[in-house]
Amino acid sequence: MRYSLLDLSPVAEGQTPREALANTLDLARHAEAAGYHRFWLAEHHNMPGIASAATSVVIGHVAGGTKTIRVGAGGIMLPNHAPLVIAEQFGTLASLYPDRIDLGLGRAPGSDMTTARALRRHMQSSDQFPEDVLELLGYLGPADPQAPVRAVPGEGTAVPVWILGSSLYGAQLAAYLGLPYAFASHFAPAMLADALATYRATFRPSQWLEKPYFMLLAGVCAADSDAEADYLRSSQILAFARLRAGRPGKLPRPVQDLSEVPAAMRAQVDQALSCAAVGGPVALRAGLGHLIRTYAPDEIMLTGMIHDHRARLHSFALAAEALQSL
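Summary of the structure given here. (Residues numbered from 1 in each chain as written. Predicted model: local features only at pLDDT ≥ 70, side-chain atom pairs only at ≥ 80, totals over all residues. Heavy atoms only, no water.)

Description of the overall build of the chain
Inference 1: When you go through the chain residue by residue, the secondary structure sums to eleven helices and nine strands.
Inference 2: A compact globule built from 326 residues would reach a C-alpha radius of gyration of about 20 Å, and the chain, at 19 Å, matches this within 12%.
Inference 3: By principal-axis analysis of the C-alpha atoms, the chain measures approximately 65 × 40 × 35 Å.
Inference 4: A buried classification covers 53% of the 326 residues belonging to the chain.
Inference 5: Within the structure as shown, the chain displays about 14500 Å² of accessible surface, and the carbon and sulfur contribution to it stands at 55%. (Helix = DSSP H or I, 4+ residues; strand = E, 2+ residues; numbered from the N terminus. Rg over C-alpha atoms; globule rule 2.2 N^0.38 Å. Buried < 20%, exposed > 50% of the residue type's maximum accessible area, 1.4 Å probe, protein only. Areas by Shrake-Rupley, 256 points an atom, 1.4 Å probe, with all protein chains shown as cover.)

Re the pattern of salt bridges
Inference 1: By the definition in use, this model includes nine salt bridges.
Inference 2: Between R38 and E299 there is a salt bridge, and its shortest N-O distance comes to 2.8 Å. Of this pair, R38 sits in strand 2 (residues 38–41) while E299 is found in strand 9 (residues 299–303), placing the two residues 261 residues apart along the sequence. An identical accessibility class is assigned to R38 and E299; each is buried. (Salt bridge = Lys/Arg side-chain N within 4 Å of Asp/Glu carboxyl O.)

Describing the packing of aromatic side chains
Inference 1: Applying the stated criterion to the full structure yields eight aromatic pairs.
Inference 2: Where Y3 meets Y36, the ring centres are 4.9 Å apart and the plane angle is 75 degrees; that geometry is what we call edge-to-face. In this pair, Y3 sits in strand 1 (residues 2–7) while Y36 sits in the loop between helix 1 (17–33) and strand 2, placing the two residues 33 residues apart along the sequence. With respect to class, Y3 is no different from Y36; both count as buried. (Phe/Tyr/Trp six-rings, centres within 6.5 Å; stacked < 30°, edge-to-face > 60°.)

What about the side chain of T24?
Inference 1: As for its position among the elements, T24 is in helix 1.
Inference 2: Residue classification places T24 among the buried positions, given a relative accessible area of 0%.
Inference 3: In terms of polar contacts, T24 uses its side chain to reach the side chain of D7, at 2.6 Å. (Polar contact = N/O pair within 3.5 Å; in protein donor to acceptor, adjacent residues only side chain to side chain.)

Thoughts on the environment of R266
Inference 1: Its location among the elements puts R266 in helix 9 (residues 263–272).
Inference 2: As a C-alpha pair, R266 and A241 span 25 residues in sequence and 7.2 Å in three-dimensional space.
Inference 3: R266 has contacts with I237, L258 and V261, leaving out every residue within four places of it along the chain. (Contact = heavy atoms within 4.5 Å.)

Section: the pairing of strand 9
Inference 1: For strand 9, the tally of buried residues reaches five of five residues, placing the bulk of the element in the interior.
Inference 2: Because side chains alternate across strand 9, one face comprises the buried residues E299, M301 and T303, and the other comprises I300 and L302, equally buried.
Inference 3: Relative to strand 9, strand 1 runs parallel, the two sharing four bridges. When the sheet's bridge partners are listed, Y3 is paired in strand 9 with I300.
Inference 4: Pairing of strand 7 (residues 214–222) with strand 9 involves five bridges; the strand directions are parallel. (Pairing = 2+ DSSP bridges.)

Describing the packing of helix 10 (residues 281–295) against helix 11 (residues 309–325)
Inference 1: Helix 11 packs onto helix 10 with a crossing angle of 55 degrees between their chain directions and a minimal axis gap of 9 Å. When the interaxial angle is binned, helix 10 and helix 11 end up oblique. As helix 10 packs across helix 11, the resulting crossing turns out to be right-handed. Judged by residue contacts, L284, R285, L288 and I292 of helix 10 engage L318, A319, A322, L323 and S325 from helix 11. (Axes fitted to C-alpha atoms, helices over the stretch in contact; angles between N-to-C directions. Parallel < 35°, antiparallel > 145°, perpendicular 65-115°, else oblique. Left-handed = near helix turned anticlockwise from the far one by under 90°.)

Quick look at the nonpolar core
Inference 1: Judged by nonpolar contacts, the single largest core of 85 residues is most densely connected at Y36, L103 and L302.
Inference 2: Each residue touching L302, except ones within four places of it in the same chain, is listed here: S4, L5, L6, Y36, A218, V220, L288, F316, A319 and L323. (Core = buried A, V, L, I, M, F, W, Y, C linked by side-chain atoms within 4.5 Å.)

Description of the pairing of strand 5 (residues 161–165)
Inference 1: In terms of burial, strand 5 is largely enclosed, as five of its five residues are buried.
Inference 2: Burial along strand 5 is two-sided: V161, I163 and G165 and W162 and L164, pointing in opposite directions, are all buried.
Inference 3: By the bridge criterion, three bridges tie strand 4 (residues 101–106) to strand 5 in an arrangement that is parallel. By the bridge assignment for strand 5, L103 is matched with V161.
Inference 4: One ladder, built from three bridges, connects strand 5 with strand 6 (residues 181–183); its direction is parallel. Within the sheet, the bridge partner assigned to I163 lies in strand 6 and is Y181.
Inference 5: Once you follow strand 5 into helix 6 (residues 168–177) and on to strand 6, the crossover reads as right-handed. (Right-handed = clockwise from strand over helix to strand, strands pointing away.)

If you want it as structure tokens, here you go:
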């Protein structure tokens, strides 16, 4: 089973976006050496702790600094963009780095509504996501000299397109179109089982895919001991709690005491981040094994926000070792 990595280019307390982006490239190089199949980046806006807002630019930065690992978006929030623009961006990336670029598409804005308006200028009440996906697929398909609008670069590149989701909507659309599907269980696991069952049961073979291909996203925080892993993970718990409270910021330093997070908020955060493997090598292997046995994904993609970059490298290295042993 393939294993891959999702990075949000975290901007840690005491760091700048420039350092975060340098760390992202360093992590990608380590991931490539450790056997990770893909390295994806996600579009978020108005987030002081995330440096991957210009996702296609960061993808080019990572692809140019690595050799074999697939690099892509997990994902591009398509409602923020004209499909033609995304086709041209990813067609350009595919022309520069052939057979290495992926395009995952999400339906959410990846931001608050005020920021979404700043991105789009004109908000539409109707949901055009399925139409936009089809339009984008058309731009990336075989060249048609008679087409009134063509993506150049883009046409003929056949960049693999994925549907991302955290509900039944994305599962149904991916199945209907016959596209690979990735579920955002690393922060919204509530409907994972139902979405997976829906996708597999209703999948229709297509020109892009003959049978369902499902990727499970899971959190990971690994260290040499369970106690150290719990300590490192406190950064992500704090960041998520502050985001839920309307106070997004840089990735906090880890703490021994999480009393800052009220009990009710902590319960919400723990539920949201429950699809994860946390601990030393033994606990890590057990946690990953449980997720794989339960959901039988075709591929697993790991993500994890750790303040110290060296500790983050070590965490993903331990995770790769655990997955290889499984």
